[in-house]
Amino acid sequence: INPLSIIRLDDNLLDINDIQLFYQSIVHRKTAMDNLQHLYLNSNPDIYSFDSMELLFKAIGQRCPNLKTLSLRRINLLNDEIFKIIVAFYKKYGKDKKTKLTTISLVGCSSISLEGIDWFNKNLFELQTDKNDNLFSNIDILINIPKTQIIKHHHNHRWDKRIVVVGCAKN
């Protein structure tokens, strides 16, 4: 039995190799991590690569069915590619409610662009029309973008209400 419900690894100088070890330790367990509900990997700038994030989401999908929150705040190298990984994750694990992951925080990830958010919004919407509405009505993706960029961009674009874009003071 696994009593862990929260894993908080913020500010631990983790790197890509640590994510690979995390993946291996989770996937090779005899039992799933059913009790894990919150995973915080904030402020570990060296954990990002496309491959490491794919492994992280794969571990969550395969072995952490009750994870509700994934926080990847302040990982500056995290960029728009994360949206492709998130959409692929929900395509695979969102059907039949194989995941309970409803909050992903990308706040402070300065390499995420408005164009990436638009792409994500469009592709997440397509998943919703795929008869997965129950899961997708509860998902929140938290992102912050400088206010001046949001004001200029939002005039011509509408985002799904589940993509929470928080204006920040940086320009």
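Just above sits the structure.
How each quantity is defined
- Residues numbered from 1 in each chain as written.
- Predicted model: local features only at pLDDT ≥ 70, side-chain atom pairs only at ≥ 80, totals over all residues.
- Heavy atoms only, no water.
- Helix = DSSP H or I, 4+ residues; strand = E, 2+ residues; numbered from the N terminus.
- Buried < 20%, exposed > 50% of the residue type's maximum accessible area, 1.4 Å probe, protein only.
- Contact = heavy atoms within 4.5 Å.
- Areas by Shrake-Rupley, 256 points an atom, 1.4 Å probe, with all protein chains shown as cover.
- Phe/Tyr/Trp six-rings, centres within 6.5 Å; stacked < 30°, edge-to-face > 60°.
- Expected span 1.5 Å × (residues − 1).
- Arc of directions from axis to C-beta.
- Polar contact = N/O pair within 3.5 Å; in protein donor to acceptor, adjacent residues only side chain to side chain.
- Salt bridge = Lys/Arg side-chain N within 4 Å of Asp/Glu carboxyl O.
- Core = buried A, V, L, I, M, F, W, Y, C linked by side-chain atoms within 4.5 Å.

Turning next to the overall build of the chain. A tally of helices and strands in the chain yields six helices and six strands. Mapped in sequence order, the helices and strands of the chain form the string β-α-β-α-β-α-β-α-α-β-α-β. Within the chain, buried positions represent 48% of all 171 residues. For the chain, long-range pairs separated by at least 24 residues make up 81% of all intrachain contacts whose partners lie at least 6 apart in sequence. Carbon and sulfur atoms make up 51% of the accessible area of the chain, which totals about 9,200 Å².

Glancing now at the packing of aromatic side chains. Under the defined criterion, the tally for this structure stands at four aromatic pairs. Ring geometry for Phe 89 versus Tyr 93: centroids 5.3 Å apart, planes at 40°, classification tilted. Of this pair, Phe 89 and Tyr 93 both sit in helix H3 (residues 81-93), four residues apart, which is roughly one turn of that helix. The two residues Phe 89 and Tyr 93 agree in class, both being buried. One aromatic cluster in this structure is built from Phe 57, Phe 89, Tyr 90 and Tyr 93.

Time to look at helix H1 (residues 16-27). Helix length check: H1 (12 residues) gives 17 Å between terminal C-alpha atoms against 16 Å at 1.5 Å per residue, within 8%. Looking only at H1, the buried set comprises Ile 19, Phe 22, Tyr 23, Ile 26 and Val 27. Buried residues of H1, viewed axially, fall in a sector of 115°; they line one side. Where the residues of H1 are buried, they touch strand S1 (6-8), strand S2 (38-40) and helix H2 (50-63). One side-chain oxygen at the N-terminal end of H1 lies 3.0 Å from the backbone nitrogen of Asn 17; it belongs to Asp 15.

It is worth spelling out the environment of Arg 29 at this point. Mapped onto the elements of the fold, Arg 29 is located in the loop between H1 and S2. Judged by relative accessible area, Arg 29 falls into the partly exposed class, the value being 29%. Counting along the chain gives 34 residues from Arg 29 to Arg 63, while the straight-line C-alpha distance between them is 8.5 Å. Side-chain polar atoms of Arg 29 contact the backbone oxygen of Thr 31, separated by 3.2 Å.

This paragraph deals with the side chain of Asn 44. Tracing the backbone through its elements, the reader meets Asn 44 in the loop between S2 and H2. Looking at Asn 44, its side chain comes within polar contact range of the main-chain oxygen of Leu 41, at 3.2 Å. Discounting residues that sit within four places of it in the chain, Asn 44 has contacts with Leu 9, Asp 10, Asp 11, Asn 12, Leu 13, Leu 14 and Ile 75.

This part covers the pattern of salt bridges. Per the counting criterion, the structure on display carries one salt bridge. In this structure, the salt-bridge partner of Asp 10 is Arg 8, at a minimum N-O distance of 3.0 Å. Given a relative accessible area of 51%, Arg 8 falls into the exposed group.

What follows deals with the nonpolar core. Generally speaking, soluble globular proteins have nonpolar side chains that are buried together. With 45 residues, the main nonpolar core has Leu 56, Leu 72, Ile 82 and Leu 106 as its most contacted residues. Of the residues forming this core, the biggest block, eight residues, is contributed by H3. Residues within four places of Ile 82 in sequence aside, it is in contact with Tyr 48, Met 53, Phe 57, Leu 106 and Ile 112.

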